[in-house]
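So the chains spell out like this:
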Amino acid sequence: ALTRYVRQGTENIKLAPAVFDQCQVDVERYCQDVQPGSGRVHDCLYKHKRNISEECAKAEFHNEMLQMHDFGVSSGLVRYCKASRKKFCPDVSTQGGQLLACMQDHINDEAMPTDCKHELRKHMERQQADFFLNPLVKKFCNETARKICPGELKKAAKKDLTSHGDLLTCMMKKRALINNTDCKNALFKKEQQRVSDIRLAPATSDLCRSDTVKFCGSIQSRGQGETRMCLAAHMKSLTDGCREKIMDYTEMASEDVRFKAKLYNLCKAASKRHCPDIKVGGGRMINCLLDHMHNTEMDPHCRDELVEEQTWRSKNIRFNPILKTSCKSDIMKLLGEQKCGNPSVEGWKINCLTKHRSELTAPACKTAVTGILKRQSADYRAVPGMERSCKKDVERLCNTTGLGRGKIHACLREQEQKITDPVCKKMVNRTHEVDKQSATINYNVRKNCYNERQAFCKDVPSGDMVLLGCLAANMNETQFSKGCRESLAKTNFKKALVKAPTLSVAHLKHLLRENRGIVEKYGPILLGGWVAFVILAGLVISYFVIKRKRLFTIYGSVAPRDQPEDLER
């Protein structure tokens, strides 16, 4: 009965005396032509929230808070979403915002009625505008907000509809500082909503309104990031404020495959097949999928979406979470030494890291950069700006060649003299040089020599051409496949052969780690044998040195200065 009474007030403002008393003047001023009922007057006041009196704003805030907390209090949700509630969230409590959160998770489901979607979206917009209209976020994140965003929390605590989503935005920007798991999970939902539909981000919606009309007016958003991606495609032409917001949300989207609804849905099976042990978040799952995108077992629809993702990542280091985090100190060092070139060039920081790979110091950065180079070796579209620079040459010289699996690289290298674009030619040569020096990076070597590596160089670590040298040293073995030999022939394998017999300190440590059991079991015997051998060898050498010295004293002669000594050295 109480729920029904409160719901009547949310439907008709005149049946909510506490709100109507505070808002009567504002209703007459801004909403006098609005017919009461179905929450229309409340919606009108919310539309004018920046102009209504503080007393009315606080009363309206309380009215909104009741609806967010209890699904049954909202007349619109009860009217339009009753059947959908039974279908999608039958056992979820109506209290504490749980049912509303569950229904919002299903807003893009094809079976969700349009009227219910509209009502859910209205509630999402209002929750995104105010921290305290999110019961679950408030419950789990209040203390965290006090620590990391105190100024924004103070403003939101006024509860007068003026915070404009600033506290949620602040927490999203500082998400790396949040340690509370429940808070992370609650905030994640809000992040996901904004990334999927930037109209739900109050400040971004305002800043990008004119750009959206100009560049993306024909886009029909289905809550899968369509508007954000359209604006991102016109990044250089956006107004400054809008550009920075789109950069922020595109960066956020790159961190979690769940932020990309289309990629997430198309690649579910691929994630289970190729990345079963990879934890989502931090860009890890997307990285794993990109590493396997050219596998023959990869679903073609998933691969197409990954090509799109790969293109975005090549544009800016901010869209590569692992690279950005792992290489923070290295990129700062390179920037300080002015080695990174023109910042207006697409993907300039990525290019800087790959170009100066040998100068990197952080192990995690080295690993991340190697991963980038491996993808670039497999697909020219992963090289910043190469698809655009080589477009005409690819169309003219390689129009019958598949785009991935190193095929375009091979085609352009074979016809290098016919390439007309100088930037394209430079990129072709640069990627070729990298491929020639590393069996770890070179896509064709990795693909065609996998079995050979397992058979002959399993314990050989990558880097410094050692692995390439090991493969080259064994390439005449009968077990070597023709494909592996041909791939190695296109590398600097002769130069790498010099490295083949050399065991570096790192390699020795690696072998000792891998064979610790043998060392522990037979180490004392091997050590004793080695010491005995050294002593015996020393005695033999000493004997011959003394004998030779005596003979030389008796029969020695002095050679002329202009002739070499004819003595054994």
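Residues numbered from 1 in each chain as written. Predicted model: local features only at pLDDT ≥ 70, side-chain atom pairs only at ≥ 80, totals over all residues. Heavy atoms only, no water.

Asker: Please clarify how the overall build of the protein chain should be interpreted in this entry.
Answerer: In terms of helices and strands, the protein chain carries 34 helices and zero strands. Relative to its 569 residues, the protein chain shows a buried fraction of 44%. Taking as baseline every contact in the protein chain between residues at least 6 positions apart, the subset at least 24 positions apart corresponds to 58%. (Helix = DSSP H or I, 4+ residues; strand = E, 2+ residues; numbered from the N terminus. Buried < 20%, exposed > 50% of the residue type's maximum accessible area, 1.4 Å probe, protein only. Contact = heavy atoms within 4.5 Å.)

Asker: Explain the packing of helix H2 (residues 17-30) against helix H4 (residues 54-69) to me, please; I cannot follow it from the model alone.
Answerer: Between two packed helices, the angle of one axis relative to the other and the distance separating the axes together describe the packing. The interhelical angle for the contact between H2 and H4, taken along N-to-C directions, is 135 degrees, at an axis separation of 8 Å. In terms of axis orientation, H2 runs oblique to H4. The chirality of how H2 crosses H4 is left-handed. Together, Ala18, Val19, Gln22, Cys23 and Asp26 of H2 and Glu55, Cys56, Ala59, Glu60 and Asn63 of H4 make up the contact between the two elements. Counted by class, the contact of H2 with H4 contains five nonpolar, two polar and three charged residues. (Axes fitted to C-alpha atoms, helices over the stretch in contact; angles between N-to-C directions. Parallel < 35°, antiparallel > 145°, perpendicular 65-115°, else oblique. Left-handed = near helix turned anticlockwise from the far one by under 90°. Nonpolar A, V, L, I, M, F, W, Y, C, P; charged D, E, K, R; others polar.)

Asker: Which parts of the structure should I look at to understand the nonpolar core?
Answerer: Soluble, globular proteins show a tendency: their nonpolar side chains are buried together. In terms of nonpolar packing, the biggest core is built from 46 residues, with Phe71, Cys81, Met103, Leu120, Phe131, Leu167 and Met171 touching the most fellow members. Cys457, Val460, Leu468 and Phe493 belong to the second-largest nonpolar core, a separate cluster that totals 18 residues. (Core = buried A, V, L, I, M, F, W, Y, C linked by side-chain atoms within 4.5 Å.)

Asker: Quick question: what am I supposed to make of empty space enclosed by the protein here?
Answerer: A water-sized probe rolled over the atoms picks out the places where empty space is left. For the structure shown, the criterion picks out five cavities of 30 Å³ or more. Estimates place the volume of the largest cavity at around 120 Å³. Lining the largest cavity, in full, are Gln224, Arg228, Met229, Lys260, Ala261, Lys262, Leu263, Glu305, Glu308, Glu309 and Trp312. Looking at the lining of the largest cavity element by element, the count peaks at four residues for helix H19 (residues 300-315). (1 Å grid on protein atoms, 1.4 Å probe; cavity = no way out; pocket = protein on both sides within 12 Å on 5 of 7 lines; lining within 4 Å. Points joined across faces, edges and corners; volume = space filled by probe spheres on them.)

Asker: I'm lost on the pattern of salt bridges in this one. Help?
Answerer: Pairs can form between side chains of opposite charge whenever their charged atoms are close. Following the criterion strictly, the structure yields 35 salt bridges and no others. One salt bridge in this structure joins Arg126 and Glu64, with 2.7 Å as the shortest N-O distance. Of this pair, Arg126 sits in helix H7 (residues 114-129) while Glu64 sits in helix H4, and the two are 62 residues apart along the sequence. For the pair shown, Arg126 and Glu64 are each scored as buried. Glu251 is the partner of Arg318 in a salt bridge, and the nearest nitrogen-oxygen pair spans 2.8 Å. You can see Arg318 sitting in the loop between H19 and helix H20 (321-326) and its partner Glu251 sitting in helix H15 (residues 240-253), a full 67 residues away along the chain. Beyond isolated ion pairs, a larger network of salt bridges with shared partners links Asp43, Glu64, Glu119, Lys122 and Arg126. (Salt bridge = Lys/Arg side-chain N within 4 Å of Asp/Glu carboxyl O.)

Asker: Please explain the side chain of Thr169 as it appears in this structure.
Answerer: Relative to the assigned elements, Thr169 resides in helix H10 (residues 166-173). Those residues in contact with Thr169 that lie beyond four places of it in its chain are Arg194 and Lys245.

Asker: I'm lost on the packing of helix H1 (residues 2-11) against helix H5 (residues 75-88) in this one. Help?
Answerer: At a minimum axis separation of 8 Å, H1 and H5 run at an interaxial angle of 100 degrees. With respect to each other, H1 and H5 are oriented roughly perpendicular. Contact with H1, carried on its side by Arg7, Thr10 and Glu11, involves Ser75, Val78 and Arg79 of H5 and no other residues of that element.

Asker: How should the state of the cysteines be read in this particular structure?
Answerer: In protein chemistry, a disulfide is the covalent bond that joins the sulfur atoms of two cysteines. Across all of its chains, the model carries 16 disulfides by this definition. Between Cys340 and Cys352 runs a disulfide, and the two sulfur atoms are separated by 2.0 Å. Handedness of the Cys340-Cys352 disulfide follows from its S-S torsion of about -60 degrees: it is left-handed. Taken together, the positions of Cys340 in the loop between helix H21 (328-336) and helix H22 (348-355) and Cys352 in helix H22 put the pair 12 residues apart, joining distant regions of the chain. A sulfur-sulfur distance of 2.1 Å marks the disulfide that ties Cys390 to Cys424. One disulfide, between Cys390 and Cys424, carries an S-S torsion of 110 degrees and so falls in the right-handed class. (Disulfide = S-S within 2.5 Å.)

Asker: I tried to follow the packing of aromatic side chains on my own but got confused; where do I start?
Answerer: Describing an aromatic ring pair means giving the distance of the ring centres and the angle of the ring planes. Within the structure shown, the criterion is met by three aromatic pairs. On the basis of an interplanar angle of 85 degrees and a centroid distance of 5.1 Å, the ring pair of Phe131 and Phe132 is categorised as edge-to-face. With a relative accessible area of 1%, Phe131 lands in the buried category. Here Phe132 falls in the buried class, since its relative accessible area comes to 9%. With centroids separated by 5.4 Å and ring planes inclined at 45 degrees, the aromatic side chains of Phe456 and Phe480 adopt a geometry described as tilted. (Phe/Tyr/Trp six-rings, centres within 6.5 Å; stacked < 30°, edge-to-face > 60°.)

Asker: Got a minute to help me understand unusual backbone geometry in this structure?
Answerer: With glycine set apart, most residues show a phi of negative sign, and most peptide bonds adopt trans. Even without being glycine, Ser38 reaches a positive phi, approximately 55 degrees. Mapped onto the secondary structure, Ser38 falls in the loop between H2 and helix H3 (40-47).

Asker: Would you mind going over the environment of Thr181 with me for this structure?
Answerer: Note that Thr181 resides in helix H11 (residues 181-196). For the pair Thr181 and Cys141, spaced 40 residues apart in the sequence, the C-alpha separation amounts to 9.8 Å.

Asker: Even after reading the chapter, I still don't get H4, so can you show me in this structure?
Answerer: Because an α-helix packs 3.6 residues into every turn, residues spaced three or four apart end up facing the same way. With 16 residues, H4 extends 22 Å between its outermost C-alpha atoms, agreeing within 8% with the 22 Å of an ideal straight helix rising 1.5 Å per residue. Close packing links the buried residues of H4 with H1, H2, H3, helix H6 (98-105), H7 and helix H8 (135-148). (Expected span 1.5 Å × (residues − 1).)

Asker: When you look at the side chain of Arg313 in this model, what are you seeing that I'm missing?
Answerer: Tracing the backbone shows Arg313 in helix H19. Of the residues examined, Arg313 reaches a relative accessible area of 4% and is grouped as buried. Here Arg313 is in contact with Ser254, Gly283, Ile286, Asn287, Leu290, Phe319, Asn320, Pro321 and Ile350, once residues within four sequence places are set aside.

Asker: Mind showing me how you'd approach the environment of Leu187 here?
Answerer: With respect to the helices and strands, the residue Leu187 is situated in helix H11. Using a relative accessible area of 1% as the deciding quantity, one classes Leu187 as buried. Sequence separation between Leu187 and Met171 is 16 residues, and the spatial gap between their C-alpha atoms is 8.2 Å. Leaving out residues up to four positions away in the same chain, Leu187 has contacts with Leu168, Met171, Met172 and Ile178.

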